[in-house]
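Here is what each chain is made of, one letter per residue.
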Amino acid sequence: MTAATVVMDKSAPTRPRYGSMSRDRRWALRWSYFFLVLFAIFFLTPPLYMFITSLKTSAEISAATNPWWVYHPSLTNYIELLTSSTYIIFFRNSAIVSIFVVCITMIISVPAAFALARMKFWGSAVLATGVFLTYLIPDTLLFIPLFKMFAVFNEWTDIQLINKWWVLLIVYPTLTVPFCTWIMIGYFASIPKELDEAALMDGANYRQILFKIFIPVALPGLIAATIFAFTVSWAQFLYPLAFTTSPDQLVLPVGIITTLIKGDVFNWGQIMTGALLGAAPPLIIYAFLMDYYIAGLTAGATKG
Amino acid sequence: MAQVTLRKVVKKYDEVEAVSAIDLDIADKEFVVLVGPSGCGKSTTLRMIAGLEDITGGEIAVDGEIVNDVPPKDRDMAMVFQNYALYPHMTVYQNMSFGLRLKHFPKEEIEKRVQEAARILDITDLLDRKPRQLSGGQRQRVAMGRAIVRNPKVFLFDEPLSNLDAKLRVQMRTEIKRVHQKVRTTTVYVTHDQVEAMTLADRVVVMNRGRIEQIGAPNFLYHSPATRFVAGFIGSPAMNFLPCRLEQAGDGLNVRLSDSIAFAVPAERVQRYRPAAGKELTFGIRPEHLTEAKTNGSKNLATFDAGIEVVEPMGNETMVFFSISGTEVCGRIDPNAGARVGASMKMAAHLDHMHLIDNASGRVL
């Protein structure tokens, strides 16, 4: 804005000073592109570096050549990883855990959000805030008491919870459920009250209102929550690091780090390849759901 | 087809009484309009009939059966909301058939009913559209269609025309009346617009501050309001209210509006007003009963001179505004009577249509 004013002062000192919409727009666009490019460079450099490194052999990585160029491209890293049974096990564990966590989260969050948003009962407002506050407690603080709880549980029942991949199905929802419930409360609350009243008058019960009205209408919110839950469980590092140890129980992020670093030997090429391949599923899910998500967001947004 | 009965129905929000012990009998096939300013409890009353609000006291009965604790879905009523409340993700057809599908009606029956309702409302071409592709008036028709297909005991309308523009509102008003004449379902209709109330209702219920002021046929309310509130609320432009004193004048009574203006009370009303003689009252008269004085003046006409301050030509008539001892008064005159701002005009008050209101109770004498 200031830049535009300065230009005007010079060009027409005697005429009344009108602004120029096209000039304002040009300047706004210039700034937008400047920052867009800046952020694109900032965020895309690490994946690009990973990709470059993944195509190099260990010898080339440790050689003192230009790190941003591949002189002898090779797919050995990819072939070795994809044929190694441990990497496939990590991948499978991650996929199973993430899919189940998403399902569990939705099964708990959606009805919880519906109840908190719509069925006004004693303490519902406090409960809704409480749900969100739970999310604010960092997992770095939570894993110790959780660990302790599992130990006590083990003492009482003799059931071993540590070092089992499925225990992550219990642990991850402590992160995903509060946030997803919070998102869904917001989406459900934005649905006009008359809509459920109309459904009530039409003869629907609460279950039918939830499944036939609220979930379809709040589908964009549901997808946002799904993406969130999936991303959190796919990328979660601390909990699996703490709760699982043997290679057949590990998930991808921990697996890559623990098996590809032997002592002080860092197998950089494979680490980078593993991470890159690991990032693929969330990317694919985003790409598929994003169109749908945006379509849902903009449809019917304007009042006819 | 159903009668709806309200007995001493009370609604309290915490300590605030939104509806105070109202009694109302709605006959089968009747079109009843609840009208009043915002916050008068009319919508709350409707929602209590619907079952969307629980009631604090009293009882609501449908066909003699008390439904206080019956959930909305089992009351067999259909409601049309102010903002239409159409399901945005469903087509018009799905919207209209939703209630029937929930009750597991056979497909052919649903198809038949939806087509029939669509025909009545002239929305057959819209059945495949989504609500967002419809205009306000079309959405309102769909909302009505959704109510009609259910073939419920009672229709409930909650200010259904408030979101429409003026022209469409008049059209839809006629539409609603036409539909009611066709389907003859007991209807309770809430509005703050007295014109809607007058034009639609078999009986109008005027509400104010959680109480019923008066119940009656539209014309009866217009000509014989029971209270000052009803007198002022029904009719547009509103009735003129002037402070006055009722004076003895020999055998008769005089209404004194100012030092210079006093009317003789029509002989047939003297008996009725005599107990209030000597009191300070409010004189009420509608604008159409304050006209230009004509030469062939009929009985019970009181003439006076008025200094015209504002003239509003309406085409078929002209509104004139003038003051009587500091109170602005509106009269309704012939457009050819030649009213001019600043000029004095001979006006006539039609005293057969006057009202005297007791200031303390607000009741019309």
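Residues numbered from 1 in each chain as written. Chains lettered and ligands numbered in written order. Predicted model: local features only at pLDDT ≥ 70, side-chain atom pairs only at ≥ 80, totals over all residues. Heavy atoms only, no water.

## Observations concerning the interface of chain B and chain A
Contacts between the two partners involve 25 residues from chain B and, on the opposite side, 20 residues from chain A. Where chain B packs against chain A, one counts two salt bridges. In this structure, R47 of chain B engages E197 of chain A in a salt bridge whose closest nitrogen and oxygen atoms are separated by 2.6 Å. Here chain B is connected to chain A by eight residue pairs in polar contact (both at pLDDT 80 or more). Residues of the side of chain B that touches chain A, tallied by class, amount to 15 nonpolar, three polar and seven charged. (Contact = heavy atoms within 4.5 Å. Salt bridge = Lys/Arg side-chain N within 4 Å of Asp/Glu carboxyl O. Polar contact = N/O pair within 3.5 Å; in protein donor to acceptor, adjacent residues only side chain to side chain. Nonpolar A, V, L, I, M, F, W, Y, C, P; charged D, E, K, R; others polar.)

## A closer look at empty space enclosed by the protein
Residue and element names in this part refer to chain B. Enumeration according to the criterion identifies three cavities of 30 Å³ or more in this entry. Counted as a void, the largest cavity has a volume near 60 Å³. Lining the largest cavity are F31, M144, A147, I148, F155, F157, I176, V179, H180 and T187. Counting only elements with at least two residues in the lining of the largest cavity, the list comes to helix 4 (136–149), strand 7 (154–158) and helix 5 (166–183). Taken together, the residues of the lining of the largest cavity sort by class into eight nonpolar, two polar and no charged. (1 Å grid on protein atoms, 1.4 Å probe; cavity = no way out; pocket = protein on both sides within 12 Å on 5 of 7 lines; lining within 4 Å. Points joined across faces, edges and corners; volume = space filled by probe spheres on them. Helix = DSSP H or I, 4+ residues; strand = E, 2+ residues; numbered from the N terminus.)

## Describing the sheet that holds strand 11 (residues 240–249) of chain B
Residue and element names in this part refer to chain B. Strand order in the open sheet made by the five strands is 13-12-11-14-21, with antiparallel pairing throughout. Only two strands of the sheet have a single partner each, and these edge strands are strand 13 (262–264) and strand 21 (355–358). Each strand of the sheet is rotated relative to its neighbour by a mean of 40°, with strand direction disregarded. As defined by bridge partners, strand 12 (residues 252–256) adjoins strand 13 across three bridges and the pair is classed as antiparallel. Residue N254 lies in a different strand from strand 13, and its bridge partner there is A264. (Pairing = 2+ DSSP bridges. Axes fitted to C-alpha atoms, helices over the stretch in contact; angles between N-to-C directions.)

## A look at the pattern of salt bridges
Enumeration according to the criterion identifies 26 salt bridges over all chains in this entry. One salt bridge connects E175 of chain B with R141 of chain B, and the closest N-O pair in it is separated by 2.7 Å. Of this pair, E175 of chain B sits in helix 5 while R141 of chain B sits in helix 4, and the two are 34 residues apart along the sequence. Each member of the pair, E175 of chain B as well as R141 of chain B, is classed as buried. Overlapping salt bridges bring together E197 of chain A together with K11, R47, E53 and D54 of chain B as one network. (Buried < 20%, exposed > 50% of the residue type's maximum accessible area, 1.4 Å probe, protein only.)

## What about unusual backbone geometry?
Residue and element names in this part refer to chain B. Here the bond from S236 into P237 is cis, since omega is -5°, no more than 30 degrees from zero. Tracing the backbone shows P237 in the loop between helix 8 (228–233) and strand 11. The backbone of A21 sits at a positive phi, close to 45°, despite the residue not being glycine. Along the chain, A21 turns up in strand 2 (residues 16–26). Phi at H104 is positive, roughly 55°, even though this residue is not glycine.

## Quick word on the nonpolar core
In this structure, F188 of chain A together with L156 of chain B are the most contacted members of the largest nonpolar core, which totals 78 residues. Excluding residues that lie within four positions of it along the chain, L156 of chain B makes contacts with M201 of chain A together with L46, I49, A50, M77, A78, M79, V80 and V188 of chain B. One finds L100, L134, V149 and A201 of chain B within the second-largest nonpolar core, a separate group that totals 45 residues. (Core = buried A, V, L, I, M, F, W, Y, C linked by side-chain atoms within 4.5 Å.)

## As for the pairing of strand 17 (residues 310–313) of chain B
Residues and elements named next belong to chain B. Direction of pairing for strand 17 relative to strand 18 (residues 318–324): antiparallel, over a ladder of four bridges. Across the sheet, V310 pairs through a bridge with F321, a residue of strand 18. Counting the residues that bridge the hairpin from strand 17 to strand 18 gives four residues, and of these G315 lies at a positive phi of roughly 100°.

## Structural notes on the domain arrangement of chain B
Residues and elements named next belong to chain B. Taken domain by domain, chain B consists of domain 1 (4–233) and domain 2 (240–358). The centre of domain 1, based on its C-alpha atoms, is set 39 Å off from the matching centre of domain 2. Facing the seven residues of domain 1 at the interface are six residues of domain 2. When the buried surface of domain 1 facing domain 2 is broken down by residue, Y222, R228 and A231 rank first, second and third, together holding 74% of it. On inspection of domain 1 and its partner domain 2, the count reaches zero salt bridges. One can count two residue pairs in polar contact (both at pLDDT 80 or more) joining domain 1 with domain 2. At the level of elements, helix 7 (218–223) and helix 8 are the ones that each hand at least two residues to the side of domain 1 that touches domain 2. (Domains from an automatic or database assignment. Buried area = accessible area lost by both parts, 1.4 Å probe.)

## Some remarks on the packing of aromatic side chains
Residues and elements named next belong to chain A. As enumerated under the stated definition, the model contains 29 aromatic pairs over all chains in all. Ring geometry for W31 versus F35: centroids 6.1 Å apart, planes at 25°, classification stacked. Of this pair, W31 and F35 both sit in helix 2 (residues 21–54), separated by four residues, roughly a single helical turn. Judged by its relative accessible area of 48%, W31 is partly exposed. (Phe/Tyr/Trp six-rings, centres within 6.5 Å; stacked < 30°, edge-to-face > 60°.)

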